[in-house]
Structure formats: structure tokens, C-alpha cells
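Below are the chains, spelled out letter by letter.
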Amino acid sequence: GWWIQRLMRLGLTRLKGLKWMKVEAGSMPHFEVLLIQKCELVEELPSTIEYLTILKSLYLINISNGLISSLNRDLEGGNYWKIAHIPEVRIVNTK
């Protein structure tokens with residue numbers, strides 16, 4: 001819908017059944033902030049997050065240890081490269 005094209009911020013919180021997300025490349029040209037909080041089943045970021053070039057902030061709070069590990073910049077074969085373009089990335093685990 002037209003509202004997706006205008007979306008600037010999205011917060012996903014306590015979605016216990018959420019396992020993955022799909023974001024079409026170019027579908028959200030104004031998307032600046034993504035928050036994923038207490039979605040423990042999510043094991044990977046949207047596969048096209050690297051195409052969200054205007055994304056300014058990514059907040060990952062109390063997410064799965066597997067996802068946190070995959071985003072380690074020192075992990076060979078990891079997924080850090082997908083978020084390297086995002087100026088502010090905060091990963092918080094208070095579990």
C-alpha cells in the first residue's frame with residue numbers, strides 16, 4: 001500500500017511467533033529507523049536490509065543469541081556486512 005512507501009520508523013516488539021521478515025528492495029524509500037525488541041525467534045535480519053540505504057538507526061534489543069552472533073564484525077562469513085552502512089546500530093541484551 002501507499003503507506004508502506006511513506007513509512008519512516010518501524011518497531012517490532014514482543015512478537016513471539018515472528019521468525020523472519022521480508023523487505024522488498026526499494027519498497028520503503030523513506031525508512032530510517034528499525035527496532036526489533038523481544039522477538040526471540042528472529043534468527044536473521046531481513047535479507048534485503050543492505051538495500052535500505054537511507055536506514056539511519058537499527059536497534060536490536062533482547063533478540064536471539066544466534067542473531068547477535070551473526071552480526072559480529074569479526075565473524076568470518078557472518079552478516080555484519082549487511083548492516084555496515086547503518087550509522088547507528090545498537091545491540092542490547094538485558095536477559
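Coordinates for the structure precede this section.
Residues numbered from 1 in each chain as written. Predicted model: local features only at pLDDT ≥ 70, side-chain atom pairs only at ≥ 80, totals over all residues. Heavy atoms only, no water.

**A short note on the nonpolar core**
Turning to step 1, where the next piece is worked out: Counting 21 residues, the largest nonpolar core has Ile36, Leu45, Ile49 and Leu58 as the members making the most contacts within it.
Turning to step 2, where the next piece is worked out: Of all the elements in the fold, those that place two or more residues in this core are strand E2 (33–37) and strand E3 (57–61).
Turning to step 3, where the next piece is worked out: Contacts of leucine 58, omitting those with residues within four sequence positions, involve Leu34, Leu45, Ile49, Ile83, Ile86, Glu88, Val89 and Arg90. (Core = buried A, V, L, I, M, F, W, Y, C linked by side-chain atoms within 4.5 Å. Buried < 20%, exposed > 50% of the residue type's maximum accessible area, 1.4 Å probe, protein only. Helix = DSSP H or I, 4+ residues; strand = E, 2+ residues; numbered from the N terminus. Contact = heavy atoms within 4.5 Å.)

**With respect to the sheet that holds E2**
In sheet architecture, strand pairing relies on hydrogen bonds along the backbone and comes in two forms, parallel and antiparallel.
Turning to step 1, where the next piece is worked out: Across the sheet, which stays open at both edges, the 4 strands sit in the order E1-E2-E3-E4 with parallel pairing between neighbours. The sheet is open, and its two borders are formed by strand E1 (9–13) and strand E4 (88–92), each paired with just one other strand. Across the sheet, the mean angle from the axis of one strand to that of its neighbour is 5°, orientation sign disregarded.
Turning to step 2, where the next piece is worked out: Examined bridge by bridge, E2 and E3 share 5 bridges and lie parallel to one another. Residue pairing for E3: isoleucine 36 is matched across the bridge by leucine 60. (Pairing = 2+ DSSP bridges. Axes fitted to C-alpha atoms, helices over the stretch in contact; angles between N-to-C directions.)

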